[in-house]
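Structural overview
As a plain string of letters, each chain reads:
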Amino acid sequence: MFYKVYGDVPKYRSDLLNDVAHGFSTRHGGVSTCEHTASMNLAFGRGDDDETVIKNFEIFARSIGADSKRGLMLNQIHSTEILTVTESEHGLGVYQKTELALDGYVSKTPGTLLCVRVADCVPILFADTEAGVIGAVHSGWRGSIGKIGKLCVERMCELGAKRESIRAAIGPCICKDCYEVNEDFVETCEILGGKQLCSRFIEMADDGRKRADLKLLNKLVLLEAGLDEKNIDVSPSCTCCEPNEFFSHRYHKDKRGTMCAMIALDPKI
Ligand SMILES: [Zn+2]
């Protein structure tokens, strides 16, 4: 079950991952001062200078008990590419500029901090603490229908994780009621994911309106990947329904900051 941690740096956590340093940020607890990015904006180029974004990265990392110097934060491109992170990638996209862009990470290097950024898209954090393997993905609708969650599970297994031991937390993101989609969206999803899968997460209302449930889609993908249902937690929070708590692309349009989901491996493992 998800729960909120109050305090200077509020965040959401899943009790499934209680033995791992992790957290899903809100829009509060940082040092951004622009009206629309205040105050915990984790993305460059949204109105804050780079120093402010890095400071926010450090504040949030510290608040979950992780070392920001061992973190990375690459550009995201709605792909299904996943990077295996070792020590040589520590600091990339935060303290060192990089052109690398992708949407998922796995690691078994102690101390590694993984970070994905979202503002309506689906953040998913993964851990198999027995094997000492973690993962994180940014799953927008393209990543979701491309099954990036399943690809992440597979990559974690290559590093020694076991499907039956992997726990996953699907974080705050846009809810079905806020995510109305058009016919083009449905057609593209049917081509990419098949009609049967689409009929399960796209709701066709009597008035002709269509809504997509990305939380459910990602859960279905993780079940297909072989995860046990009891090892999948889904946040009830919606970024668009709660614009004072979260940044939402759909609600705030371009006048917004960006949140993050972070997970770190214990340096001692
Ligand atoms: Zn909503």
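Check the entry above for the structure.
Residues numbered from 1 in each chain as written. Predicted model: local features only at pLDDT ≥ 70, side-chain atom pairs only at ≥ 80, totals over all residues. Heavy atoms only, no water.

Some remarks on the overall build of the chain
The cut-off we apply is this: By the criteria applied, helices consist of DSSP H or I runs no shorter than four residues and strands consist of E runs no shorter than two, each listed in order from the N terminus. Put simply, the radius of gyration uses C-alpha atoms, and a globule should come to 2.2 Å times the residue count raised to 0.38. The buried label goes to any residue with under 20% of its type's maximum accessible area, the exposed label to any with over 50%, and the partly exposed label to all in between, with areas taken from a 1.4 Å probe on protein chains only. What makes two residues a contact is simply this: any of their non-hydrogen atoms within 4.5 Å.
Helices and strands together make up the secondary structure of the chain, namely 7 helices and 15 strands. Its C-alpha atoms give the chain a radius of gyration of 17 Å, near enough to 18 Å, the size a compact globule of 269 residues would have. With respect to the three principal axes, the spread of C-alpha positions in the chain is 50 × 45 × 35 Å. Counting across all 269 residues of the chain, residues that qualify as buried make up 57%. Taking all contacts inside the chain whose residues are at least 6 apart in sequence as the whole, residues at least 24 apart take part in 64%.

Notes on the coordination of the zinc ion
Convention followed: With water omitted from the atoms examined, metal sites may look incomplete; donors here are N, O and S atoms no farther than 2.8 Å from the metal, or 3.2 Å in the case of Na, K and Ca. Every angle between 85 and 135 degrees makes a four-donor site tetrahedral, while opposite donors more than 155 degrees apart, with all other angles between 65 and 115, make a four-donor site square planar and a six-donor site octahedral; other sites are irregular.
Protein coordination of the zinc ion is provided by C175 (SG), C178 (SG), C238 (SG) and C241 (SG), with donor distances spanning 2.2 to 2.4 Å. What the 4 donor atoms of the zinc ion show is an angle range of 100 to 118° at the metal, which sorts the shape as tetrahedral. Counting gaps between the donor residues of the zinc ion yields the pattern C-x2-C-x59-C-x2-C.

Some remarks on the state of the cysteines
What counts here: The criterion for a disulfide is a pair of cysteine sulfur atoms lying within 2.5 Å.
Inspection of every chain in the model, using the stated rule, returns 0 disulfides. Free of any disulfide, C34 has its nearest neighbouring cysteine sulfur in C260, separated by 18 Å. With no disulfide of its own, C115 lies closest to C260 among cysteine sulfurs, the gap being 4.3 Å. C115 sits in the buried class, given a relative accessible area of 1%.

As for the pattern of salt bridges
Test applied: By convention in these notes, a salt bridge is any Lys or Arg side-chain nitrogen within 4 Å of a carboxyl oxygen on Asp or Glu.
One pass over the full model with this rule turns up 13 salt bridges. Of the charged contacts, one joins E224 and K150 as a salt bridge, the two residues approaching to 2.8 Å between their closest N and O atoms. Note that E224 is positioned in helix 6 (residues 214–224) and K150 in helix 3 (residues 148–158), a separation of 74 residues in sequence. Note on K150: relative accessible area 23%, which makes it partly exposed. As a salt-bridge pair, E180 and R209 come within 3.6 Å of each other at their nearest N and O atoms. Within this pair, whereas E180 is found in strand 11 (residues 180–181), its partner R209 is found in the loop between strand 12 (202–204) and strand 13 (210–212), the two being separated by 29 residues in sequence. Each member of the salt-bridge network shares a partner with another, and the members are K147, K150 and E224.

Digging into the sheet that holds strand 7 (residues 113–118)
Threshold: For two strands to be treated as a pair, DSSP must find no fewer than two bridges joining them. Axis lines are fitted through C-alpha atoms, for helices just across the contact stretch, and the angle between N-to-C directions can take any value from 0 to 180 degrees.
Ordered by their spatial adjacency, 6 strands build an open sheet running 1-2-3-15-7-4, and the pairing between neighbours is mixed. Two strands in the sheet have a free side with no partner beyond their single neighbour: strand 1 (2–5) and strand 4 (71–72). When strand 3 (residues 21–25) meets strand 15 (residues 259–264), the two strands line up antiparallel, connected through 4 bridges. From the neighbouring strand, G23 faces strand 15, where its bridge partner is M262. Those strands touched by helix 1 (residues 50–63) are strand 2 (11–14), strand 3, strand 4, strand 7 and strand 15, and its axis lies near 45° from that of strand 15.

Focus on the nonpolar core
Keep this limit in mind: Within this scheme, the nonpolar core is defined by two criteria: the residues are buried Ala, Val, Leu, Ile, Met, Phe, Trp, Tyr or Cys, and they are joined through side-chain atoms within 4.5 Å.
Counting 41 residues, the largest nonpolar core has I124, F126, M156, F201, I202 and L222 as its most contacted members. Of all the elements in the fold, those that place two or more residues in this core are strand 8 (122–128), strand 9 (133–139), helix 3, strand 10 (167–170), helix 4 (183–193), helix 5 (195–201) and helix 6. With 5 residues, the single largest contributor to this core is helix 6. Each residue touching L222, except ones within four places of it in the same chain, is listed here: I124, F126, G149, K150, V153, A168, I170, L227 and I232. Among the nonpolar cores identified, the runner-up in size contains 26 residues, and V20, L83, A127 and M259 belong to it.

Looking at the pairing of strand 10
Along strand 10, one buried face is formed by R167 and A169 and the opposite face, lined by A168 and I170, is buried too. Pairing analysis gives 4 bridges linking strand 8 to strand 10, with the strands arranged antiparallel. Bridge assignment links L125 to a residue of strand 10, and that residue is A169. Bridge analysis of strand 10 against strand 14 (residues 232–234) gives 3 bridges, and the strand direction is parallel. Along strand 14, the bridge assignment pairs A169 with D233.

Structural notes on the pairing of strand 8
Burial within strand 8 is extensive, with 7 of its 7 residues counted as buried. Side chains of strand 8 alternate between two faces, with V122, I124, F126 and D128 and P123, L125 and A127 buried alike. Inspection of the sheet shows strand 8 paired to strand 9 by 7 bridges, in the antiparallel sense. Opposite D128, over in strand 9, you have V133 as the bridge partner.

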